[in-house]
Amino acid sequence: MSHRSKLFITRMADIRARLCKLTGAADVQIMLGSGTIANATVANQLALLGTTGLILSNGEFGERLAGNARNAGLRYDWLQLPWGHTFDMAEVTRLAERLPAGGWIWFVHHETSTGIMNPLDELKKLADRLNLHLCADCISSIGAMPVDLHGMYLATCASGKGLGSFPGIAMVFHNYKPEPHPDRFPGYLDLGHWFENQSVPHTHSTNLVAALDIAVQQATPERMQQIADNAKWLREQLQSLGFQLAASEDVASPGIMTILPVKEMSAAELGEELEMRGFWLSYRSQYLLNHNWIQAALLGNPSRESLEKLVHMLSVVCRRTPEAKATIAAAAKAVKS
């Protein structure tokens, strides 16, 4: 289908409307590229404010936001926590109160590297009270769980994560009418350029957009509840096998579980063996290799049956290490008693 055809322009408008209904956002631009493109575009929009901001990070993707801000020449404070730690809202409030009115806060809603959910609703209230622009990376949350972007200045999403479609489409949600700045930004990184052209300023992949269309239609409350129910079940099963999870229960995302293998077990070797047996987990990203972590992703809403098979295979593989044998035996004894 031609990206200039009336049919495609109509489909694009329909998808944008459904995305806004799904999230409560005022508007959204659908762009070509990954979530990295979307976050770079947000950094450019923040540069137009000409004021100071605050970046919150407690994992890989929060630290990438700081990189986006640095590359865009932004002025900001940075509350950088160790990976897996949660934010103390009293400390965040103290730093936010130092910002000028009209400043900004930028954070990751679902920190994918650890599986931790950061406090979107609390930050919205804080930003509203202090008259600050709140921005969020929601790439791994929109579509997989309820997300309310009402009142958010900017938020990002990508087709291949929480929405479960093919990668290659980036989205920037906004609550204002952005102006194009052709003398300052490349067109692909200029939100106003996309807004002015109703998200079709250049050649679009109509196939990717068609796939996104279906994914948005399938982002129902029922799908999100299935992901949440399966996540709760899987967390319990993994912990019964002796695995430690990076995120505690009260802040755990239903979409990603970051698993810390027992001692003397290589996450990369575990991942490779599971692949040979038909289970594809995430472990090859450099930050996962550095931490010896492996991740189970439920963003695509896998069936309970497939998760049961995964748990069984993990129990078989883990029994090979002496420490794992002792852990599993103790867990089994505790269940019987």
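See the structure above.
This one's a predicted model, so the numbers in the text were calculated from it and none came from an experiment. As a convention, each chain's residues are numbered from 1 in the sequence order in which they are written. Owing to the predicted nature of the model, reporting of local features is limited to residues with pLDDT of at least 70; listing and counting of side-chain atom pairs is limited to 80 or more, with chain, interface and lining totals taken over all residues. Heavy atoms from the whole structure form the basis of all side-chain values; hydrogens and water molecules are not counted.

J.: Explain helix H1 (residues 6-23) to me, please; I cannot follow it from the model alone.
T.: Turn by turn, an α-helix covers 3.6 residues, leaving residues three or four places apart pointing in a common direction. Over its 18 residues, H1 extends 26 Å from the first C-alpha to the last, a length consistent with the 26 Å expected when each residue adds 1.5 Å. For every residue, the accessible area obtained with a 1.4 Å probe (protein chains only) is divided by the maximum for its type, and the residue is called buried under 20%, exposed over 50%, and partly exposed between those limits. Secondary structure elements are defined from DSSP: runs of H or I of at least 4 residues count as helices, runs of E of at least 2 residues count as strands, and each element is numbered from the N terminus. Buried within H1 we find Phe8, Met12, Ile15, Arg16, Leu19, Cys20 and Thr23. Viewed end-on, H1 has its buried residues packed into an arc of 135°, placing them on one side of the element. Exposed side chains of H1 directed beyond 90 degrees from the buried face belong to Lys6, Leu7 and Lys21. A helix is expected to span 1.5 Å multiplied by its residue count minus one. The arc in question is traced by the directions running from the helix axis to the C-beta atoms.

J.: Help me understand the side chain of Lys124, please; the structure alone is not making it clear to me.
T.: In this fold, Lys124 is placed in helix H5 (residues 120-130). Lys124 gets classed as buried once you look at its relative accessible area, which sits at 16%. We call two N or O atoms a polar contact when they sit within 3.5 Å, provided that within protein one can donate a hydrogen and the other can accept it, with sequence-adjacent residues counted only if both atoms are side-chain atoms. A distance of 3.2 Å separates a polar atom in the side chain of Lys124 from the backbone oxygen of His150. Residues count as neighbours in contact if any of their non-hydrogen atoms are within 4.5 Å of one another. If sequence neighbours within four positions are ignored, Lys124 has contacts with Leu134, Asp148, Leu149, His150 and Met152.

J.: Help me understand the packing of aromatic side chains in this model?
T.: Centre-to-centre distance and the angle between the planes together describe a pair of aromatic rings. For Phe, Tyr and Trp, rings pair up if their centres lie within 6.5 Å, where Trp contributes its six-membered ring, and each pair is then called stacked (planes under 30 degrees apart), edge-to-face (over 60) or tilted (otherwise). As enumerated under the stated definition, the model contains five aromatic pairs in all. Taking 6.0 Å as the distance between ring centres and 65° as the angle between the ring planes, the aromatic pair formed by Trp83 and Tyr287 counts as edge-to-face. A residue pair is termed long-range when its members are at least 10 positions apart, and Trp83 in the loop between strand E3 (75-80) and helix H4 (89-96) and Tyr287 in helix H10 (residues 286-291) qualify at 204 residues. An angle of 10° between the planes, with centres 4.5 Å apart, marks the rings of Tyr153 and Tyr176 as stacked. With a gap of 23 residues between them, Tyr153 in the loop between strand E7 (133-137) and strand E8 (154-158) and Tyr176 in the loop between strand E9 (169-174) and helix H6 (191-196) connect regions that are remote in the sequence. Residue Tyr153 is classed as buried on the basis of its relative accessible area, which comes to 10%. Each member of the aromatic cluster is reached from another via a ring pair, and the members are Phe61, Trp83, Tyr287 and Trp293.

J.: Please clarify how the pattern of salt bridges should be interpreted in this entry.
T.: Whenever Lys or Arg places a side-chain nitrogen within 4 Å of a carboxyl oxygen from Asp or Glu, that contact is recorded as a salt bridge. Under the counting rule described, the total for this entry stands at twelve salt bridges. A single network of salt bridges, built from pairs that share partners, joins Arg11, Arg18 and Asp213.

J.: Honestly, the nonpolar core in this entry has me stumped. Any pointers?
T.: Considering soluble globular proteins, one finds that nonpolar side chains tend to be buried as a cluster. Met171 and Phe173 are the most contacted members of the largest nonpolar core, which totals 77 residues. Of all the elements, helix H11 (residues 304-318) adds the most residues to this core, at seven residues. Setting aside residues up to four positions removed in sequence, Met171 forms contacts with Leu19, Val28, Gln29, Ile30, Ala38, Ala155, Thr156, Cys157, Ala158, Ser159, Leu163 and Leu212. In this text, buried Ala, Val, Leu, Ile, Met, Phe, Trp, Tyr and Cys residues form a nonpolar core when linked through side-chain atoms within 4.5 Å. Ranked by size, the runner-up nonpolar core spans 26 residues in total, among them Leu46, Phe61, Val172 and Trp293.

J.: Help me understand the pairing of strand E4 (residues 104-108), please; the structure alone is not making it clear to me.
T.: Put simply, side chains in a regular strand alternate between the two faces of the sheet. Of all five residues that make up E4, five are buried, and the element is covered over most of its length. Paired strands, in this sense, are two strands between which DSSP finds at least two bridges. For strand E2 (residues 52-57) and E4, the ladder comprises three bridges, and the chain directions are parallel. Looking at the pairing, Ile55 lines up with Trp106 of E4.

J.: What exactly am I supposed to notice about the packing of helix H8 (residues 221-240) against H11 here?
T.: When two helices pack together, their arrangement is given by the angle between the helix axes and the distance between those axes. Every axis in this analysis is a line fitted to C-alpha atoms, fitted for helices over the stretch in contact. Angles between the N-to-C directions lie between 0 and 180 degrees. For the pair H8 and H11, interaxial distance at closest approach is 11 Å and the crossing angle is 10°. Comparing their axes, H11 and H8 come out roughly parallel. Along its contact with H8, which presents Asp229, Asn230, Trp233, Leu234, Gln237 and Leu238, the element H11 presents Arg304, Leu307, Glu308, Val311 and Leu314. Of the residues assigned to the contact of H8 with H11, the class counts are six nonpolar, two polar and three charged. Convention used here: angles under 35 degrees read as roughly parallel, angles over 145 as roughly antiparallel, angles from 65 to 115 as roughly perpendicular, and any remaining angle as oblique. Side-chain classes are defined by residue name, with Ala, Val, Leu, Ile, Met, Phe, Trp, Tyr, Cys and Pro counting as nonpolar, Asp, Glu, Lys and Arg as charged, and the others, Gly among them, as polar.

J.: It is not clear to me how the packing of helix H9 (residues 267-276) against H11 should be interpreted in this structure. Could you clarify?
T.: H11 packs onto H9 with a crossing angle of 125° between their chain directions and a minimal axis gap of 11 Å. Here H9 is positioned oblique relative to H11, judged by the angle of their axes. Read as a crossing pair, H9 and H11 show a hand that is right-handed. Of H11, the residues touching H9 (which contributes Leu270, Glu273 and Leu274) are Leu310, Met313, Leu314 and Val317. Counted by class, the contact of H9 with H11 contains six nonpolar, no polar and one charged residues. Crossing chirality is assigned from the near helix's rotation relative to the far helix, an anticlockwise turn below a right angle marking it left-handed and a clockwise turn marking it right-handed.

J.: What is the right way to look at the state of the cysteines in this model?
T.: Here a disulfide denotes one covalent bond, and it connects the sulfur atoms of two cysteines. Criterion for a disulfide: a pair of cysteine sulfur atoms at a distance within 2.5 Å. Enumeration over the complete set of coordinates arrives at zero disulfides. The structure places no disulfide on Cys20, whose sulfur is separated from the nearest cysteine sulfur, that of Cys157, by 11 Å. Of all cysteine sulfurs in the structure, the one in Cys157 sits closest to Cys138, which takes part in no disulfide; the separation is 7.8 Å. A residue is classified by how much of its surface remains accessible, and Cys138, at 0% relative accessible area, is buried.

J.: Teacher, can you tell me more about unusual backbone geometry here?
T.: Of all residues except glycine, most have a negative phi; of all peptide bonds, most are trans. In the Ramachandran plot, Asn131 falls in the positive-phi region, its phi being about 60° despite a non-glycine side chain. By the secondary structure assignment, Asn131 is in the loop between H5 and E7. Of note, the phi angle at Asn292 is positive, near 60°, even though the residue is not glycine. Structurally, Asn292 is set in the loop between H10 and strand E12 (294-297). Accessibility expressed as a relative area gives 30% for Asn292, which makes it partly exposed.

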